[in-house]
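Breakdown of the fold
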Amino acid sequence: MITDKFFVDYDYVSSPENINTAANSLSDRKPMLLALEYIKNIVKKYADKNRYNQVLDLKSFGIALWMIKLINQRNLTSRFIIEQRDVFENEILRLIKNDIESFIDYCHRAKINVFVSNNIIKIPFNFFITYNKKISGFKYRLIYQKMENGLIIVDEGQIAHLLRENFVEKINIIYNSINIDQAAQIFKSYQSEINLIRDEFIKINAKNEMKLGDVDFTKFPPCIIEYLNEIRDNQNLPHLARFTLVSFLHSIGMSNADMINIFRNVPDFNEKMTTYQVEHITGIISGTEYSPPKCVTLRSNHLCYMDDDPLCRKINHPLEYYKKKKFRKS
Ligand code: SF4
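This section reports on the structure supplied with the text. (Residues numbered from 1 in each chain as written. Predicted model: local features only at pLDDT ≥ 70, side-chain atom pairs only at ≥ 80, totals over all residues. Heavy atoms only, no water.)

Focus on unusual backbone geometry
Phi at K111 takes a positive value of approximately 60 degrees, unusual for a residue other than glycine. Note that K111 resides in the loop between α6 (100-109) and β1 (115-117). (Helix = DSSP H or I, 4+ residues; strand = E, 2+ residues; numbered from the N terminus.)

Points about the packing of aromatic side chains
In the structure shown here, the tally under the stated rule is twelve aromatic pairs. Aromatic pair F220 and F248: ring centres 5.3 Å apart, planes at 85 degrees, arrangement edge-to-face. Taken together, the residues span a long stretch of sequence, with F220 in the loop between α10 (191-208) and α11 (222-232) and F248 in helix α12 (residues 239-251) at a distance of 28 residues. Take F220: its relative accessible area is 1%, and that puts it in the buried class. Classification of F248 by relative accessible area gives buried; the value is 0%. Centroid distance F220 to Y322: 5.8 Å. Interplanar angle 55 degrees. Geometry classified as tilted. Of the two residues, F220 sits in the loop between α10 and α11 while Y322 sits in helix α16 (residues 318-329), which places them 102 residues apart along the sequence. Looking at Y322, the relative accessible area reads 6%, which means it is buried. Following the ring pairs from residue to residue traces out a cluster consisting of Y10, Y38, F61, F80, F88, Y106 and F167. (Phe/Tyr/Trp six-rings, centres within 6.5 Å; stacked < 30°, edge-to-face > 60°. Buried < 20%, exposed > 50% of the residue type's maximum accessible area, 1.4 Å probe, protein only.)

By themselves these figures say nothing about function.
In structure tokens:
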């Protein structure tokens, strides 16, 4: 059974009964103590903007996820998911190298059709195009893929990256479905300890807020705020979102050095490449100062986050949003 060897089982983690039994077991307190210790360490490391990766067992991982829901701090949730996403990716790579049967078993349990024969891994086209969008690099562009009978042939690194994105999506769905009152009930014996963790995190988070120089963050449109939030939470941005962010920030007067500093948070940060891209978009290399795309383009690329923002309904361009808001307030 993969659950003996692997820390993710989505059915297990979704079940309040399983989490309650694991968290309140009198005969085995280890999973609960490990989950508490892990979350405390994430908070401690967050204070120094450091990472804290650790492979949890199946029960500790489930308990930690439910506890994170109860703590209910967006940045802590993101940090937890990102840390565990990276642990997950390493574990997937380990399985592919050392235990291919467990890798296949995991994929089947996660309802992902992978086909492995003679060390060649193939995945359905739809799976590839669902998860390649958040991954940068030519290796993930459809045009460079080898196909065979409607399946895409991927290497170990590619499948681990794609599964990682699928993991994040699944964990977010489970996280959003957790009933916070039910979580409070499960952890009622640990309430004071959990409150202390929350208070500590709120203090640290206030100090860590991203600095944006002289530009006025409060007037940014929802799409730009979302891209910045994703970067702050160490997520990779799709290429068009990066382009939009850089051209937007340049248009409103942010320096290239400040922009490059913002991108230091993304997991695949490469200073040389980022500097080149920023200098290209801002005209230093290309001679053309690019403008951000219109809302219609962002919308058709699933990069518009207007929700019910009333100003978004009246404008056609992210810069128009910024200018209108600035003008209104002055
Ligand atoms: S409507 Fe335009 S400005 Fe508003 S979130 Fe969408 S893309 Fe951004």
